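Residue-level structure breakdown
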Amino acid sequence: MVWQHWVNFIAGLWLIISAFVGLTLDAMVTNVVVTGIVVAVLGLWGALQHNSMRRSEDLTHRHA
């Protein structure tokens, strides 16, 4: 498994746990926004890596 998947897993667990730790409303909003940004960036990065790997595999198969 790629490390980005582990970070997404931990971020998801943090969102679940943070609902029960008594954060103020402002802290909860900040928490959700920052965690959402992290998950979105890692998701985009993973998708771009997947696409670039598929393109390089396609080029390798064409030239073989």
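Below, the structure is looked at part by part.

Cut-offs applied
- Residues numbered from 1 in each chain as written.
- Predicted model: local features only at pLDDT ≥ 70, side-chain atom pairs only at ≥ 80, totals over all residues.
- Heavy atoms only, no water.
- Phe/Tyr/Trp six-rings, centres within 6.5 Å; stacked < 30°, edge-to-face > 60°.
- Helix = DSSP H or I, 4+ residues; strand = E, 2+ residues; numbered from the N terminus.
- Buried < 20%, exposed > 50% of the residue type's maximum accessible area, 1.4 Å probe, protein only.

**Focus on the packing of aromatic side chains**
By the definition in use, this model includes two aromatic pairs. Considering the side-chain rings of Trp3 and Trp45, the 5.3 Å spacing of their centres and the 75 degrees angle between planes classify their relative orientation as edge-to-face. Placement of Trp3 in helix 1 (residues 3-18) and of Trp45 in helix 2 (residues 25-63) is noted, with a sequence separation of 42 residues between them. Accessibility expressed as a relative area gives 47% for Trp3, which makes it partly exposed. For the pair Trp6 and Phe9, a centre-to-centre distance of 6.0 Å together with 90 degrees between the ring planes defines the contact as edge-to-face. Taken together, the residues Trp6 and Phe9, both in helix 1 and three residues apart, mark about one turn of the helix. You can call Trp6 partly exposed: its relative accessible area is 49%. With relative accessibility at 47%, the residue Phe9 sits in the partly exposed group.

By themselves, these observations are geometric and do not establish any function.
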